[in-house]
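# An overview of the molecular structure
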Amino acid sequence: MKRAAVLLLLLAACAREDRASLHRRPISPAPASGWARLPLDAASQLQLKGAWIGDAAGRSIPFLEAREGLWESRQLPLVDTVRGKDAEGRPTIEFSLKLPEGWQVGEREALRLELDLEGTAPWVAQVKAERQLEGGAFITYDPVSPLHLYDLSPSGSRRSLDLPWDGQRYRLTLLASQGQAPRIRGISVRAEARPEALEAELAMEGTLLPEPGKPGTWRLTLPDEDRIVGLDLVLVPPAAPLRPEIRLGEGREDPRDHPCGDLVWNLPALNTKASRMALAPVQAKTLTVTLPEGATPLSVRLLVRRQTLIFPAESGQAYALHLGGEAKRAPGSLGALPSIRTLASRAPLSLGAQEPDDKGLPRIEGTDQRVRPWMPWVAGLALLVLGWAALRLLRPEGTRNA
């Protein structure tokens, strides 16, 4: 009986729920009813898998994660297209976008431009991109890293670029950095929701340290794991175009290489430099860069774009983001999505400080999972009981009755 009682106590301890990991983050009130967007911080991103949004009564509110592919990509017809050369003899193309019925400028986050170019490799051309709102003048984009197209066969080529969609008419001009700028034969444009194509929300400075025993490899470690969408890698000049090997998530269970189609270089004599490398969003803390022999990094900035949740919010209603446990499913699924323009026009909501969560759901583990930490103790106890029983059986009859 005593052995059975001990075993029951052990099983009860295994089945006990631990709610200490449950917490919630209050969400700032929505100024008006409708779609709301909630950018996450680094800490809440790490627990997104089990996160859910609840109201004051603890009811689960449906939400979506803003991500590539959430909004359907759409080919946009072009009108009033003009191709040729500018006053300085540089290849140029100018065009307007014909919007689908019901669409407005900025209906998607970005424009994906695919150019049909004709030229003799090798060549590198910087792109001067301008956009025009209806009735206004052309305004030049001023990105942190210059836009480039190139054909360095067999090293690689790039004939496409991404621009934020904030204009009606566009003009592109190719400025030769190496070789002769190609002739523009045509262009196609798609409207896409591609978060990694936009400017990053955060640019985190870092220091690349040489990896011991790995010539040509450098490592950068962030204070916390974050969602990396690219990097600005400046090379010590002179450095001709090259493609670094990027590895994210070193030390995790699934470290992997991330092929990137972008080249980087730094040639002051030709007044040209390229440093921007776009990556598919990856949650990581560590990044390693491997460069060809002779190339050395001068500086690096990791580009971070945090995940955003989209949900229908009522004005004046109190909401909270529940973390640390199981997700509480909301009934049904969201239907028609709002346009990017609608979401971008609204100020984002914010997360408050962490507090205890009395409405959270502890993670549910199977009996075998709950018992597993106790198995060595249970096995040891079982061996003691069996040993004690064996000793009683082996002892002489007289001794056992004594």
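Residues numbered from 1 in each chain as written. Predicted model: local features only at pLDDT ≥ 70, side-chain atom pairs only at ≥ 80, totals over all residues. Heavy atoms only, no water.

This part covers the pattern of salt bridges. Opposite charge on two side chains permits pairing when their charged atoms draw close. Taken as a whole, this structure holds 22 salt bridges when the rule is applied. One salt bridge connects Arg-306 with Asp-226, and the closest N-O pair in it is separated by 2.8 Å. You can see Arg-306 sitting in the loop between strand S26 (297–304) and strand S27 (308–313) and its partner Asp-226 sitting in strand S19 (residues 217–235), a full 80 residues away along the chain. Considered together, Arg-306 and Asp-226 belong to a single accessibility category, that of buried residues. Between Lys-359 and Asp-358 there is a salt bridge, with its nearest N and O atoms 4.0 Å apart. Taking relative accessible area as the criterion, Asp-358 reaches 57% and is therefore assigned exposed. Each of Arg-24, Glu-355, Asp-357, Asp-358 and Lys-359 takes part in one network of salt bridges that share partners. (Salt bridge = Lys/Arg side-chain N within 4 Å of Asp/Glu carboxyl O. Helix = DSSP H or I, 4+ residues; strand = E, 2+ residues; numbered from the N terminus. Buried < 20%, exposed > 50% of the residue type's maximum accessible area, 1.4 Å probe, protein only.)

A word on the sheet that holds strand S4 (residues 60–61). Spatial ordering of the open sheet is given by S4-S3-S28-S1-S29, a layout of 5 strands whose pairing is antiparallel. Sheet topology places S4 and strand S29 (355–356) at the edges, where each strand pairs with a single neighbour. (Pairing = 2+ DSSP bridges.)

Okay, the environment of His-23 next. Tracing the sequence through the fold places His-23 in strand S1 (residues 23–27). Each C-alpha atom, one on His-23 and one on Gly-360, is 7.2 Å from the other, the two residues being 337 residues apart in sequence. Not counting the four nearest positions on each side in its chain, His-23 is found in contact with Gln-47, Leu-321, His-322, Leu-323, Gly-324, Gln-354, Glu-355, Pro-356 and Asp-357. At 3.2 Å, the side chain of His-23 and the backbone oxygen of Ser-21 are in polar contact. (Contact = heavy atoms within 4.5 Å. Polar contact = N/O pair within 3.5 Å; in protein donor to acceptor, adjacent residues only side chain to side chain.)

Glancing now at the side chain of Arg-227. Position of Arg-227 among the secondary structure elements: in strand S19. On the basis of relative accessibility, which here comes to 9%, the residue Arg-227 falls in the buried class. Engagement of the side chain of Arg-227 in a polar contact is seen with the backbone oxygen of Arg-305, the distance being 2.6 Å. Residues contacting Arg-227, with those up to four places away along its chain left out, are Gln-45, Pro-281, Val-282, Gln-283, Leu-303, Val-304, Arg-305, Arg-306 and Gln-307.

As a further point, take the pairing of strand S14 (residues 160–164). Of all the 5 residues making up S14, 4 are buried; the element is thus mostly covered by neighbouring parts of the structure. Note: strand S9 (residues 110–118) against S14, 5 bridges, orientation antiparallel. Its bridge partner being in S14, Leu-113 is matched across the sheet by Leu-161.

Attention shifts here to the packing of aromatic side chains. The way to describe two aromatic rings as a pair is by their centre distance and the angle between their planes. This structure, assessed with the given rule, holds 4 aromatic pairs. Note on Phe-95 and Tyr-170: the rings are 6.0 Å apart at their centroids and 15 degrees apart in plane angle, and the pair reads as stacked. Placement of Phe-95 in strand S8 (residues 91–97) and of Tyr-170 in strand S15 (residues 169–178) is noted, with a sequence separation of 75 residues between them. Taken individually, Phe-95 and Tyr-170 each receive the classification buried, so the pair is uniform in this respect. Here the aromatic rings of Tyr-150 and Trp-265 are separated by 5.9 Å at their centres, their planes lie at 85 degrees, and the arrangement is edge-to-face. You can see Tyr-150 sitting in strand S12 (residues 147–151) and its partner Trp-265 sitting in strand S23 (residues 264–267), a full 115 residues away along the chain. Taking relative accessible area as the criterion, Trp-265 reaches 1% and is therefore assigned buried. The positively charged end of Arg-131 is found above the aromatic ring belonging to Tyr-141, 4.0 Å away from the centroid. The ring of Phe-138 has Arg-171 sitting right over it, with the charged end atom 4.0 Å from the ring centre. (Phe/Tyr/Trp six-rings, centres within 6.5 Å; stacked < 30°, edge-to-face > 60°. Lys NZ or Arg CZ within 6 Å of the ring centre and 35° of its normal.)

Before going further, it helps to examine the nonpolar core. Counting 28 residues, the largest nonpolar core has Leu-111, Leu-113, Leu-115, Leu-163, Trp-165 and Leu-172 as the members making the most contacts within it. Elements supplying a minimum of two residues to this core: S8, S9, strand S10 (123–132), S12, S14, S15 and strand S16 (183–192). Once you skip the residues sitting within four places of it in the chain, Leu-111 turns out to touch Leu-76, Leu-97, Leu-161, Asp-162, Leu-163, Trp-165, Tyr-170, Val-189, Arg-190 and Ala-191. In terms of nonpolar packing, the next biggest core, distinct from the first, is built from 23 residues, Trp-218, Ile-228, Ile-246 and Val-289 among them. (Core = buried A, V, L, I, M, F, W, Y, C linked by side-chain atoms within 4.5 Å.)

Right, let's get into the environment of Trp-265. Residues Trp-265 and Leu-235, 30 residues apart in the sequence, show an inter-C-alpha distance of 6.5 Å. A polar side-chain atom of Trp-265 sits 3.0 Å from a polar atom in the side chain of Thr-272.

This next bit is on the side chain of Thr-173. Examined against the element boundaries, Thr-173 turns out to sit in strand S15. Polar side-chain contacts of Thr-173 include one of 3.4 Å to the side chain of Thr-92. When residues no more than four places from it in sequence are discounted, the contact partners of Thr-173 are Asp-86, Arg-90, Pro-91, Thr-92, Gln-126, Val-127 and Lys-128.

Take the pairing of S1 next. Burial within S1 is extensive, with 4 of its 5 residues counted as buried. With 2 bridges connecting them, S1 and S29 associate as antiparallel partners. Bridge assignment links Arg-24 to a residue of S29, and that residue is Glu-355. Where S1 meets strand S28 (residues 319–323), 5 bridges bridge the pair, whose relative direction is antiparallel. By the bridge assignment, Ile-27 is partnered in S28 with Tyr-319.

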